[in-house]
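# Per-entry structural report
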Amino acid sequence: MVETAIKIIVTAILVVGIAELAKRSTFLAAILASIPVTSVLAMAWLYADTGDTQKVAALASGIFWLVLPSLALFIALPLMLRAGWPFIPSIVGACAITVVCYFVMIALLRRFGVPF
């Protein structure tokens, strides 16, 4: 239970830290946020919990394939916001587009026999 609490606290501090940094410098926050912090933490926590490098490797491979459709969010969101959409509909719409892209990617990966 203590380990889970530590994971939550460390992760929350990083996310809040990036959000706070964005108030001062969106560029620096973008640099920090573009580092796959969540992925690195997930892999570190998985290894710490299991010691299984094969599980970490499988997670890293899965993340690789699913990063591609996740980029749709970073294309759709600024386009919607710049087109004058309010924030909430923009973020919901961008997330919906991203979900569709995930399903398309998963279908393609299965079709071509790519393990993930």
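Our subject in this report is the structure included herewith.

Conventions we followed
- Residues numbered from 1 in each chain as written.
- Predicted model: local features only at pLDDT ≥ 70, side-chain atom pairs only at ≥ 80, totals over all residues.
- Heavy atoms only, no water.
- Helix = DSSP H or I, 4+ residues; strand = E, 2+ residues; numbered from the N terminus.
- Rg over C-alpha atoms; globule rule 2.2 N^0.38 Å.
- Disulfide = S-S within 2.5 Å.
- Buried < 20%, exposed > 50% of the residue type's maximum accessible area, 1.4 Å probe, protein only.
- Phe/Tyr/Trp six-rings, centres within 6.5 Å; stacked < 30°, edge-to-face > 60°.
- Lys NZ or Arg CZ within 6 Å of the ring centre and 35° of its normal.

## A few points about the overall build of the protein
In terms of regular secondary structure, the protein is built from 5 helices and 0 strands. If you list the helices and strands of the protein from N to C, you get α-α-α-α-α. Its C-alpha atoms give the protein a radius of gyration of 17 Å, clearly above 13 Å, the size a compact globule of 116 residues would have. Principal-axis analysis of the C-alpha atoms gives the protein an extent of 50 × 40 × 25 Å.

## Some thoughts on the state of the cysteines
This structure, assessed with the given rule, holds 0 disulfides. Among the cysteines around cysteine 95, which has no disulfide bond, cysteine 101 carries the closest sulfur, lying 12 Å off. Residue classification places cysteine 95 among the partly exposed positions, given a relative accessible area of 36%.

## Examining the packing of aromatic side chains
One pass over the structure, following the stated rule, counts 1 aromatic pair. Between the aromatic rings of phenylalanine 64 and tryptophan 65, the centroid separation amounts to 5.0 Å while the plane-to-plane angle is 75 degrees, which identifies the pairing as edge-to-face. The ring of phenylalanine 112 carries the charged tip of arginine 111 above its face, separated from the ring centre by 5.9 Å.

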